[in-house]
Structures are given as C-alpha cells and as structure tokens.
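# Secondary and tertiary structure notes
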Amino acid sequence: MASSYNAKEEDGHVPGSAGHGGAAEAKSKKPDNTAFKQQRLPAWQPILTAGTVLPAFFVIGLIFIPIGIGLFVTSNNIKEFEIDYTGVNSDSPCYSCATNASWNNTTPCLCSLNFTLSQPFESNVYMYYGLSNFYQNHRRYVKSRDDSQLYGDPNALKSPSKECEPYRMSGAQPIAPCGAIANSLFNDTLELYHIEPNGTRNLIPLVKKGIAWWTDKHVKFRNPEGNDNLTVAFQGTTKPVNWRNPVYELDPSDPENNGFINEDFIVWMRTAALPTFRKLYRIIQKKSGPTPTLPSGNYVLNIAYNYPVTSFDGRKRMILSTISWMGGKNPFLGIAYITVGSICFFLGGGFKQAALNIWSVHGILGGVELSD
Amino acid sequence: MAFWRRNTLVERERHVKANARDYNDKFSYTDNHIKTSKYNILTFLPLNLFEQLQRVANAYFIVLLILQLIPAISSLSWFTTIVPLLLVLLITAVKDATDDYFRHKNDKQVNNRQSQVLIRGSLQNEKWMNVRVGDIIKLENNQFVAADILLLCSSEPNGLCYIETAELDGETNLKVRQALTVTSDLGDVSKLVDFDGEVVCEPPNNKLDKFIGTLCWRDSKYPLDNDRMLLRGCVLRNTECCFGMVIFAGLQTKLMQNCGITKFKRTSIDKLMNTLVLWIFAFLICMGVILAIGNTIWESRIGRRFQVFLPWTEFQSSAVFSGFLTFWSYIINLNTVVPISLYVSVEVLRLGHSYFINWDKRMYHGPTNTAAVARTTTLNEELGQVQFIFSDKTGTLTQNIMVFSKCSINGQTYGDIYDEFDQKMENTEGTACVDFSFNPLCDRRFKFYDSSLVDAVKLEDPAMQEFFRLLALCHTVMPEEKTEGHLVYQAQSPDEAALVTAARNFGFVFRARTPETITLCEMGQAVAYQLLAILDFNNVRKRMSVIVRNPQGQIKLYSKGADTVIFDRLDPSSEDLMYTTSEHLSEFGGEGLRTLALAYKDLDEKEFEVWMEKLQFAGTVIENREDRLAVLYEEIEQGLKGATAIEDKLQEGVPETITCLNLADIKIWVLTGDKLETAMNIGYSCNMLRDDMNEVFVMSGHTLLEVQQQLRSAKEHILGLSRVGSAGDVEKSDMFADSVFEETIIAEYALVINGHSLAHALEPQLEHVLLDLACLCKTVICCRVTPMQKAQVVELVKRHKRAVTLAIGDGANDVSMIKTAHIGVGISGQEGMQAALASDYSFAQFRYLRRLLLVHGRWSYFRMCHFLCYFFYKNFAFTLVHFWYGFFCGFSAQTVYDQWFITLFNIVYTSLPVLAMGLFDQDVNDHISLRHPSLYRPGQQNLLFNKRQFFLCTLQGVCTSFLLFFIPYGAFSVMVREDGSHFSDQQAFSVTIATSLVIVVSVQIGLDTHYWTAVNHFFIWGSLTLYFVILFALQSNGMFGIFPSHFPFVGTARNCLSEKSVWLVILLTTVVCVVPGLVVSFLRIDLFPTPTDKVRHQLQSRKRQRPQEQNLRQSRRTSSRRSAYAFSHQQGYGELITSGKNMRTSRVSTARSAQRTQHSSNWIENVLKRKNEVSCISDESTEAPEKSDRT
C-alpha cells in the first residue's frame, strides 16, 4: 500500500528555480549541533577489567560470608520440633483415625502422640501444622475462590464467582465461602499438654489470635456488612460441603473470630506456594518469669483427627518453633550465603592470579597491539 | 453519474476536448487533485486496525487472546495479553497517523500550487488541484508542469520547448518537445480561446516514453506522440512560456502512475529474528508438550486421588484430556517467550537510528544544503554488515565536473603552482587564482592557478595560440548567448565544455556557430572560420577532427584524441616533442587526470578538394558507409601540438573513504557505464588500482569462449601463484576456490571487465568462475555496463555469496542496482533525484558512506544485536520460571507471578532501559570507529547476533530463570515471617521472584550497557522505582477495595518486602544470577579479546593522551601509468552540427543564419529523431559498444 511518491520531492531540490511558487530560500537543513542529536551525550563508559571485577568479587565474598555465618548461626539457634501425626504406619496412634477419616464423620476421631522436647523453648513458640503433597498451588485450586465474596460483597455472597465451581452452589443456595480452597479448610484440632515429671498433664494455652496477616484480617477479608449478627448476614447461604459448621460458627469461643475473618480460615485461604508447606496454627505466648515457654520434657499432642490426607499420600505434621530476627529456622539461606560468598571470594582470588599470569605472559591488557 | 464512474474504470480511449469543461465532465476524468494519503479521520481507525491485524505477530496475539477467553484453558486473564497488544497497536497507529499526516500536508502543498489556466477567455490563476482535463494552461520558464499536457505552442520558434525530466528519469540534460505545426502559431490567448481541438488518446498508463493519440481539429486529424507531451514533474527550461492542454490529470498522470508499491527490504537480522521466533515457538510447543505430559501423569497418579480436595471438572473427564487442556494453558502462560513488544521495539529502535542518521551534521553537505536522509527506516543494522559495495562512478566517485587543470604546450607544462622555493605546492583554497579580467567574455567560475600560462598567451606565441584555437574550434559544443557577452555552452560531454571554457578564458572565445562557420573572438577580435568538415568521434577512432578555413584562406585540420591514436599519426619531425609530451601525459595521468592529445596540420587546397570529393562519394554509398568514412578520415588525419589534462574531479575524500572501507574488509566494485580507460583511470586515482598490485586482469573477450578462457587463466594465475609450493594440483584448486581459500591469498589482484565480456560472464555456466575470480581480487571494475547488468552483477553476488550488498549511485541508470542490492544508497547530487528517490539512504557525497557504514551502521548493528540478545534473555528469564514451577504445582499451568506483573513486565518495567540501550549504547565513539575500520568486521561475520549468540543468551535466560525459581524455592520451603506467621504462600513467593527478576534484569542491563548516558540512568533507575511504585499501588487497599477479584495480592508487597529474609533472598538471587555472566564476560574479554575490547582497553589506558589522527590518506601514487583518452562522448554529434539541425535561432546570430530558416521544419524533425542519441546517455552507452564491436 505504501506509495513511493512523495509530493515534497516533486517540489524540491532545484535550488535555482527561483520565481517558482514564490520560492522562499529553502531554509538550511543543517542538523542541530546538539550532543543528543550528534550522539555525543556525556556518558560513563565502564569497562570490565580485572581492576573492577576482582575487587567486586572480593567485596561480594566479604559481605556474603559474614551474612551467611550470621544466618547460619541464627538459624541453628532456633529451636524447632516437628512431629508427623498422619498415622500411616500401623503402629502409629493415629493409624485408625487415618484409615477411617473422612469428611462425613460427624464425630472427630481422637488420637494422641507423645513426644519429648530435649531442650527448652524460650520466648514465644509458634505452633504450625504442616501438610505435604498437598497441592494448594494447583491452578484450579488456587483460582477456586471469590475474593469479592470474602471481601463481604453482598452480590458475590449471593451469587459467587464461576471460579468457585463445583463448590459454588449447593442446590439452590450459594455456598459461603465458596470454592475448593474454603471447602478443604484444615479442620484438625490440636491440643498440647506438658507432662510434668510428676505425671500431671498441663494444657498449654494456645493463642489463636494474631496468626493471620494484619492486611488479610483487616483489609482482604470482611464479613458481609449491614448486620452485626453474622447468622443474619450469612442468611441465604449455605456452608461448604465438607464443613461441619457454617462459616459464622467457626469459632464458638470467640464471636469476633467468626465469619470470613476467622483467622484459621484466613490462614488457610492464603494458599501455599509449594506442595509441602506449613501454616501457623497457634502461638504459645512467652510466660512471664524466667521459666521457658516450653520447658524440656515430655508432651502429649491430642489430635481431633478430621482431615483426610492418606488418600493422596499426604502427610500431616505438627511443628513447634521459636523465631529470630530473620524469621524461622532456615538453614538454606545461611548455607547458600556462605557458599556463594566463598565462591566469589575464591573466584576473585583465583582470577586475580590468572589475570596476573596472563598479564605477565601475554601482555594482553598492557600493551595492546592493534592489527590495523 | 455512477454509470460514468464505472466507465472510467475500464477506460479504453480518452476523449478530451479543449476549452470544453462541460464536454469533458461527461467522462468524469480525475481532476488534478492528488491524494497519496491513506486515511482520513473517519477511516483511520478501522482501516489501520484491519491492516495491523493482518500482521502475523499481531494475529498470533489475537489467537492467544481468544484462547484466554476459554475458561477451561485460560490460565491468565485476558488483560495480560490485551494491554500489551493494545499498546503495540497504539504505537503503530500513532506512527501510521503521523506518516499520513505528513502525506496530507504534502498533498495539500502540491495541490495548492498556482498555475495559469485559460478560463472563459482569460488567463486566471488557479490552484493545481482545480485544473481539469481539457483545460489550457500556461507554463512559464522554470515552472513545474502541473499535469500531463499536450504542448500546443510556445514562445520559441517552431513550437519548440525545452524540458528537464530529472524528476521522471533522473536525467538533467534538456530535452526538446515540439508542438504540432498546426497549433504552434496559436501563441496568443485570443487564438487559444477559440481552440476546440479534440484529443483521442490512450487511457492513462505508466509508460513514460510512450504516448499515442490523435488531435482532431478543423476536420483534420493529426497524430500525436510522446514528443508533443509535457509530463507532470518536468520543469520547463530555456523557454519563456508555453501553452498546453491537459490530457491526464492528478493520479492519472504518468508520474503518479509510476509511483508503484515500494518493495519492502528486510534485513538479515529480520530474517534471523523470524527464524528464531519460529524456533522459540517450537520450543514453546515442546515445553507445552512436556508439561502436558507431566500433567497427564500427575493427574493420573496424584490428581486422581487428590479429588477429595480438588474434584475434576466436567471438562476434565480423563487425565489425558486434562493434559490436553493444560497444553493450551501453558501455551498461554509461556507465550511471553515470544515477546509481543519485540517487533514494536525493533521498529522504534530503527526509527531512532534513522533519526540519528538524519541528524548527523557530519553527513550534512553545506554547499548543496543536503543532509543525509534515511529514507527507509528498516535497514539500519544491515549497514553494519555490508561486505560488498557496488558503486557507480560518474557523479558518485567523481563529481562529474570537469576542470581544465593542466596542459602541456609545445613541450612546456603549465598548471602546476610553485612556491617561492620552486617546490610544487598542493592546491589549496587559499591559492590565488589567475585573474582573467582582461577578457570580458571570460567565465567567472573558471579557476586556474598558474599565471604563467596567461602570460604566455599574452605574448602571442603562435604555438600557444594554435593550442587554444584548436580547443575553441575542434568540438561539438553549442553556444548560447542570451545577452551580449553572457555565453552559455551546451556541451554533450563535460570534458568538452571544460576545454572550450578553458579556451574561452584564455582569450579564444568560441562565440557562435552555424553549420558552415565558427565564430571565435580571439584576444578580443572576432574571427570567423569556415567549417569545412567535422570528422566525428567514435569509439574506434578515439579522436575527432575539424577542417576549417581561416580568414587568411588557409585550410587547417585540428584534431584531438587519445594520446596513442594521435601519436601514431604524428609527423616524424615532431618526434622530440612527442617524447616530451608523452612524458608530461604520463605525469598528468599519474595525478589521475584525464588526458587528451591535440594536433593540427595545414592542408593543401588541392589535397583537401580531392579528399572532399572522395568523402562526398563515400557519403552517397549506402553500403559500408561508415567504414569508408573511417578510412577516409584516417587518410587525412595525419601532425602534434600539445596535450591537455582535465581533472575529472573526484568527490572529496573518495580515496580516503575507499582505503578506509577496504580496511574494513568491504569489497568495492565499481560498475560504470564509462569506458574501460576512464574507469581504470578513476580506479587509479581513487586508490582502487595501484601500481604495486600483482596483476590487473582486463577481461575484454567478445565471445563466450574467449571470456571463459580469460577468466580461467586469470584464476589459475592467482591460484597458481599463491600456492607456489604445490604447483602440481591445479585441478584441486578449483575446488578450493571457496571462501576459506580466498582469505589466504595475500597478493593483490584487480579485475577489470567490460560490458560485453560481462554479458557472457554472467551466463549461468560462467557466473561461478566470474564470482570466484572477482572475489579473489581486491578490486573489481566493470565498465561499459548497462543498468540491467549492474543489477545482474549485484544479484549474482547477492545470490551466491551470503553477504550484504550495498549499491551506491546517483543517476537513473543506477536505480535498478540500487533496488536490487540489500541496501541502496543514492547520491542526491548532480544527476537529479531518481537514484535518491529509489534509494534507502541518500546523502550528498560519497565520502559520507564511510560514516554511514563505519559509524551509524556499526552502531546500529551493535545496538540491535545487544538489544535482541538482552531481549531474548529477559523474556526467557521471565517466562521459564513458570516452567520450573510446573513441576511443583502439579503441572497445572499456575503462574508464578501476579497477572498484573505479567501484563506490565515487558511493556513497563523493562522496556525503557533496553530501548535506551538500543538507542544510545556505543562501545566506542565515532572517531574511534572511523580510526579503526577493523572494528567493522564483526558485523560482516555476523558475530554479534547469530544462532550461537541466540543460544547463549537464551541459555543465560534459562539459567537465570532456574536460579530465580530455585533459590526462593529453597528459601521458601521453610520460610517463616519475623512475627512467626507462615510465609511460604504463593503471593509472597510471587512477589519475591518478581522483585528478584526485575532487579536481576536491571542489573544485567546495567552490565550490558557500555555507554551510560543520563537517559540510561534515568530509565534504569526510573524503571526500578516505577516497579516498586506500581507494585505497591496495585497491592494497595484502595485498588482491592474497588476490584477485589482483580487485585487479590492486596498487602502482599507490604508484608513481604518488610521482611529482612526476603531481601536476603533477593540479594542472593541477584548475585547468583549475575555473577556467572559477569565471570564469563570478564574471562572472555581477558582471554579472547575482540578488537573492540582491545580498542576500549587501549583507550582507557591512554585516556589522558589526545588521540592522534591516524592518517588514512595514502600517498598519491607516483606511477608511470599512462592515462588514456578522456572523451565520454558519443558519435554523431558532428553530423548534427554540419547539418545545422540542432541550431537554435539565437538573437545574436539571427542575421547570419537567415538562410537557414527555409529548411528549418525538417531539421527540427531530425533533431527530434536524433534526440535519443544526443540525450539518452545511459541508453547510448549501453548500445554503443555493441555497435562498434560489430563494425
């Protein structure tokens, strides 16, 4: 479609044709002499040389190794205890629960595990549940939620997003909260008892508040508005298929912790990135006084076993952990930093030697001789 | 109305009646309004959109968009594709709109030009666009012809008028058009008003040299042909005014009909890019298949059992079907490996590079006020890969301005300037010119620097006088004296004009001529010579002579010609003179001047009469007339006077440019219509041919076998010599004559081949031999080639050598070559605009080619390659994270990133830094590029971006994506926030990887940028800042409050980026991703430095020192080569003169030529017949050799 004709050119280039078309003297086409147009913008021209790269490596090494050591030490100082309570083996106390567990059970299957902490846990202790081989990051799973509904949008409450299928409607009633994520809410209940040397079992108080992100609890999740009474607010909706209780009765002990802003629910709704994950379950507050939060000794974990994972080779764990300035126990970062730091450090040194050799032997960087 | 419209579509015949708008309106011919624009305000959107969606890339993204709308497949929201796509479409649309706006503006300007139209009995000023078919319009001197018009009458006698057709065919010489005799005396408005002739003619077509029609007027019919037509685009010259009737107007004019669709040239990078995109596409499908298989396995082994939590949908009846759906989902997810913005970014870069070419003040030629123009914006990087340059000679290498610069008269040379120490001086601007003020008729533009010649002339030395008399008499120049003393010479070759002008300034003014006389003004006195005969020039004779009778009654023969021919015919008595002169000629030739020998002889009255009778007899014989004439001419031309040297001025800086381009390993072939000698001469003067070359092969065979023989022996010569040790295996050498072997030849050879040999050599069986031989030679000169052959040669190289070719020329005869070559460059100089219009780049001087290639081309290539490498790297690093994640999310096509990040990554977060690099990066600056031509070589060898480089940069991308995924993976598998809450969630993971990615690619581009201007800083830091700003904005409460389901990442950035451990992960990832690349490039620079690296290092180490200019100018050869005959001349002009056919009635000489008017009507026809020979230099030059060969 492009035409090669250009009317301007028909006009032009005959400077001598004065008198034609009132030919005003063609103005100079001389390009402006600006640094930009002449491509002479002042510029910094870094060149990779031994002089710049090697110190950089050293610096990286020098920075990374201490960070790595710091991380490693910190991570090692964090106390962590993990116990698998799935009950895969027949000798496990939860074996029978595991084999029988299903959503349909009306009464929880109870089992308990004994374990021993060899070291005391200081400061706040965090209790996590961990799931393995659980694909919370599967695309269909991830998208199976309705953020509008969870944000308390009345329209979405009554007609949830299509993404929630097949957990969108139960009969004619919309499910609140809809979707596969909500439907599969982790519903094991864990209780922790400390067995004192004299054999008494002390229930360790577990705090269920403050386990969710602040933004989630206060921004992202919101109960339907208009009514203080959640039962009324959720009227016209039905509970997710697998749930025992409707959403407004998730936490019978605390009315403020019900509906979409139930923290256990919020934690569950923040889907994990990887198929093996842990989620914060409870916090064990530091006791006032010198006694450690969890002294060393024997403990019993009581489990109301509701959540079936054996069908897909899933695993359930309970984790107790203290934290530090860098979060939880994370040996990976420390080791990675030390490794990378040392590699950089030694690379730098090695290169320096190599570069020096090359210098002296070939003089490549010194007196460069050009072929032309 | 509609009926007539349809009729015009199949117009078979055109009827136009003068002064009858009503009659002509019946046919609805197009008016003179032209429209080159494509859109108007209303049609722009639909038309432009439609056009854009036809492009493959855009169509691909439309398909993706459709895929994304299928819920079962869609793994990404529709906006991830549509936002970039819209942006891409928008940018293109804006560009198209701007282009069209300028077209509108140009159209408007042309349409509003004024012309004088005869309306209702009087001349009225009318805009061009209102001129209609059938109107009679008046044109004045130097005006553009407004439409295709039939010439009715003119101010000149016999209805003649002169036009310049530079716009149409690029020829600047004047052409004659003549009105029909019946209409030629209508030269008056009152008579024209009554003119009601009707023209019946062919429908509009694009043949510039053909027109068939008849004029019906006063009940008679007159045939019309092209010589009666003035076509739109021509300029009226040397004619006061003329009247014409509009036949074709506006878009139906031949000029507009010739504006065809321009063929788009594509660069090799373009082609490579397309191949690579296909590869990437195949790679994408492979990944899709792998992941789909993975999905099938996962669904059947785990997913099937995971149904307690995630039941299969109704679509997903089986694991295999799920895999199938996943395949498409992954195609959508991973589509960003084929970057949507790639094509647009590449276009933007090229546009920018083109602007830099347009803006370069070092490619601006002040005297002609021409800046370099990149007429095509798509070829810039190819300028950095040129291996072959095909150059025209005349007007390209040379200025096509002949200057009389030296002469040798009677054994004495003139023209050199000496300083006070008797040392030869270089001719510089400051040198004082000789003052010619003694001569009132002198040409003020003529410059001569040696005053001794003027002094000698003033002494009235007879030899001196004869010398200039000869120059003033022996030629075929036509004088034109408009006002007393203001002489203009119309010469058909510039050499002649130069000689006659020289004579004029030295006091032998050629003033007027009639068929029988030549009037000179010798040192102020008018002298009339009787012209007895002109013994015309031809290629075989290589000389021309005139026989004149001077006022004293003596008959004299003056002749000038090639030294060899003249020397052969010299009287033995002047042998001494011959030797001296011959020495001088060699000297002149050595300086690259064109030389010519002059001789004269006194003729006996009787001798002449006898000869004349013979001549007249021979003239009547039809058979072998030419031969006989030649024999006779030979007979009489026998005595030497001196020699002249004319400088065919090379354009400024040509030898330097050629030397420099040679150092850059660019082979320069000269393809010229000129004769062998002239071409070789120029070859020597611009350093392409040198005396120290081992051999210059001249191919001039006339038959296929001869040519074959010559080519073979030349090749054997080269190959035989270069492998002295192994003379035995000559047969083998044929096989070795490939590119590898070429490089090993150290000796320098040159090949000169003329047109008819070339015709044979280009035949299929010989073309390989020719090509091999030509590539073994340092220099190739093809002379006497036709425009077609020029194109064939280019085509040959283009086809068999996988090399980028560049053709440079200035004339219409170069157009074919310019269009054939990968890159066409037009010199917008002397010979009109034809070449420049057909070219991709145009500038005023050959020497700018050096800057165009070595600076702009190199930079463009360098930038484009780095840009592409980085672009692919970036997209692979970005996209493949999804691939790795596939293994951990059940191959479910779950994306790692936020959808908004995917949408914005390419177009917002990373586009500007890479564009800045693509626009401004320079490894070395322009001075260094020019000083080290060898830096150009990587481009020719395609080193900076090829499949290997592509593989390496994608590999880097893949590795980066691997690290980008697995380092956070390692960290996140057990990550806990500082407040103990769990942290290994998908959104935090996503934000961490995305942030790492943005930082890694920013650091990487920082390392890849060689030239950090403020713009680079601004864009890189700006992009990083912008990333964080947008990140926090998109994850803010406000956005979530408005669209909860579109911004589910609310608060993630805040929670995530406030963690120290996240920053530690980001730092680690960045270092680990960047360091290996750094190590590799550092090692490469140290161990295998490229020339560029060396230069950069050298510069760095010598930063303080001012770089001293390397002098590329090699010393002018001091050779003994005899440069030969200099005429660029055609036969037949002499005859025209003696017949008086081309004489114009000039006011000054009217009295003398009164007797001529009676036979004027038929000489004009002769002129018109002759016209082709006189004016169509390009055609003539192609036919002439064949003609002369056969004789």
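Residues numbered from 1 in each chain as written. Chains lettered and ligands numbered in written order. Predicted model: local features only at pLDDT ≥ 70, side-chain atom pairs only at ≥ 80, totals over all residues. Heavy atoms only, no water.

### Remarks on the state of the cysteines
As used in these notes, a disulfide is a covalent bond between sulfur atoms, one from each of two cysteines. All names here are of chain A. Throughout the structure, instances matching the rule amount to 3 disulfides over all chains. A disulfide bridge connects cysteine 97 with cysteine 109, and the sulfur atoms are separated by 1.6 Å. Negative torsions about the S-S bond denote left-handed disulfides, and the value of about -80° found for cysteine 97 with cysteine 109 makes this one left-handed. Taken together, the residues span a long stretch of sequence, with cysteine 97 in helix H3 (residues 95-100) and cysteine 109 in strand E2 (residues 109-117) at a distance of 12 residues. Of the residues examined, cysteine 97 reaches a relative accessible area of 1% and is grouped as buried. (Disulfide = S-S within 2.5 Å. Helix = DSSP H or I, 4+ residues; strand = E, 2+ residues; numbered from the N terminus. Buried < 20%, exposed > 50% of the residue type's maximum accessible area, 1.4 Å probe, protein only.)

### Description of the UniProt feature "transmembrane region" (unreviewed entry) in chain A
As annotated in UniProt, the feature "transmembrane region" (unreviewed entry) corresponds to residues 47-73 and 332-351 of chain A in the numbering used here. Annotated as residues 47-73 of chain A, this span is 89% helix and 0% strand, and its ends, taken at the C-alpha atoms, are 38 Å apart. (UniProt positions renumbered as here; feature names shortened; annotations may be inferred.)

### A short note on the nonpolar core
By size, the foremost hydrophobic cluster in this structure holds 208 residues, and its most contacted members are Trp268(A) and Leu320(A). Of the residues forming this core, the biggest block, 18 residues, is contributed by helix H29 (residues 848-886) of chain B. Formed by 52 residues, the second largest nonpolar core is a distinct cluster that contains Ile119(B), Val145(B), Cys201(B) and Leu224(B). (Core = buried A, V, L, I, M, F, W, Y, C linked by side-chain atoms within 4.5 Å.)

### Looking at the packing of aromatic side chains
According to the stated counting rule, one finds 94 aromatic pairs over all chains in the structure shown. A ring pair is formed by Phe64(A) and Tyr337(A), whose centres lie 4.6 Å apart and whose planes are at 45°; its orientation type is tilted. In this pair, Phe64(A) is assigned in helix H2 (residues 50-77) and Tyr337(A) in helix H11 (residues 331-362), connecting sequence segments 273 residues apart. Overall, the relative accessible area of 0% leaves Tyr337(A) in the buried class. Seen in terms of ring centroids, Phe324(B) and Trp328(B) are 6.3 Å apart; in terms of plane orientation they differ by 80°. Their pairing is edge-to-face. Of the two residues, Phe324(B) and Trp328(B) are both situated in helix H10 (residues 319-333); the distance of 4 residues between them amounts to about one turn of the helix. Residue classification places Trp328(B) among the partly exposed positions, given a relative accessible area of 28%. Across from the ring centre of Tyr128(A), 5.6 Å away, lies the NZ or CZ of Arg278(A), which sits over that ring. Positioned above the aromatic ring of Tyr23(B) is the side chain of Lys17(B), whose terminal nitrogen or guanidinium carbon lies 5.2 Å from the ring centre. (Phe/Tyr/Trp six-rings, centres within 6.5 Å; stacked < 30°, edge-to-face > 60°. Lys NZ or Arg CZ within 6 Å of the ring centre and 35° of its normal.)

### Some points on the sheet that holds strand E10 (residues 315-321) of chain A
Residues and elements named next belong to chain A. Strand order in this open sheet of 4 strands is E1-E10-E3-E8, and the pairing throughout is antiparallel. A single partner strand is all that each edge strand has here, and the edge strands are strand E1 (80-84) and strand E8 (277-284). With direction set aside, neighbouring strand axes in the sheet form an average angle of 20°. Sheet topology places strand E3 (residues 125-132) next to E10; 7 bridges connect them, and they run antiparallel. Note that in E10 the partner of tyrosine 128 across the bridge is isoleucine 319. (Pairing = 2+ DSSP bridges. Axes fitted to C-alpha atoms, helices over the stretch in contact; angles between N-to-C directions.)

### Here we look at the side chain of Asp926(B)
Mapped onto the fold, Asp926(B) is located in helix H32 (residues 926-931). Setting aside residues up to four positions removed in sequence, Asp926(B) forms contacts with Arg362(B), Arg851(B), Val855(B) and Trp859(B). (Contact = heavy atoms within 4.5 Å.)

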